[in-house]
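Report on the structure
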Amino acid sequence: QVQLLESGGGLVKAGGSLRLSCAASGRSITSYPMGWFRQAPGKEREFVAAINWSGGDTYYADYLRGRFAISRDNAKNTVDLQLDNLKPEDTAVYYCARSKYSDFLRSRWTDYDSWGQGTQVTVSS
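In this report, we go over the structure that sits alongside the text.

So, on to the environment of Tyr60. With respect to the element layout, Tyr60 can be found in strand S6 (residues 58-60). Tyr60 sits 30 residues away from Thr30 along the chain, and the two C-alpha atoms are 20 Å apart. Not counting residues within four places of it along the chain, the set of residues in contact with Tyr60 comprises Phe47, Val48, Ala49, Phe68, Ala69 and Ile70.

Structure below.
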């Protein structure tokens with residue numbers, strides 16, 4: 001069973017940047033698509049971005065408008081999420097997860113398993 005551990009969250013002012021990292025242990029994630037999701041207080045978990053096994057294909061939520069970038073390093077068994085031009089509405093707990101499927105990149109959280117515990121991102125205005 002794979003364990004996922006997110007890091008890199010914190011408090012940042014609007015317009016700032018953060019880089020989140022998801023480290024896998026127990027089993028390799030190199031053959032799996034991976035995704036990032038987020039959940040704000042009182043809101044449902046929402047899709048942020050996904051990446052295929054090689055890193056050659058990515059998929060983003062429309063609302064991001066190019067502000068975030070997902071990447072992976074299979075040698076290190078990690079998946080990163082670069083957050084730029086952050087806005088107060090980006091405040092949430094960010095989670096990484098492994099996709100159950102490898103046919104195409106998915107945005108439903110139910111299509112993912114092996115979730116991390118999350119890392120808090122807080123953006124002040």
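So that's the structure; there's more coming.
Ordered in space as S1-S3-S8-S7, the four strands form an open sheet in which the pairing is antiparallel. Each edge of the open sheet is held by one strand with a lone partner, namely strand S1 (3-7) and strand S7 (68-73). Ignoring strand direction, the axes of neighbouring strands in this sheet form an average angle of 15°. One ladder, built from five bridges, connects S1 with strand S3 (residues 18-25); its direction is antiparallel. In the sheet register, Leu4 faces S3, and the bridge partner there is Ala24.

About the cut-offs
- Residues numbered from 1 in each chain as written.
- Predicted model: local features only at pLDDT ≥ 70, side-chain atom pairs only at ≥ 80, totals over all residues.
- Heavy atoms only, no water.
- Helix = DSSP H or I, 4+ residues; strand = E, 2+ residues; numbered from the N terminus.
- Contact = heavy atoms within 4.5 Å.
- Pairing = 2+ DSSP bridges.
- Axes fitted to C-alpha atoms, helices over the stretch in contact; angles between N-to-C directions.

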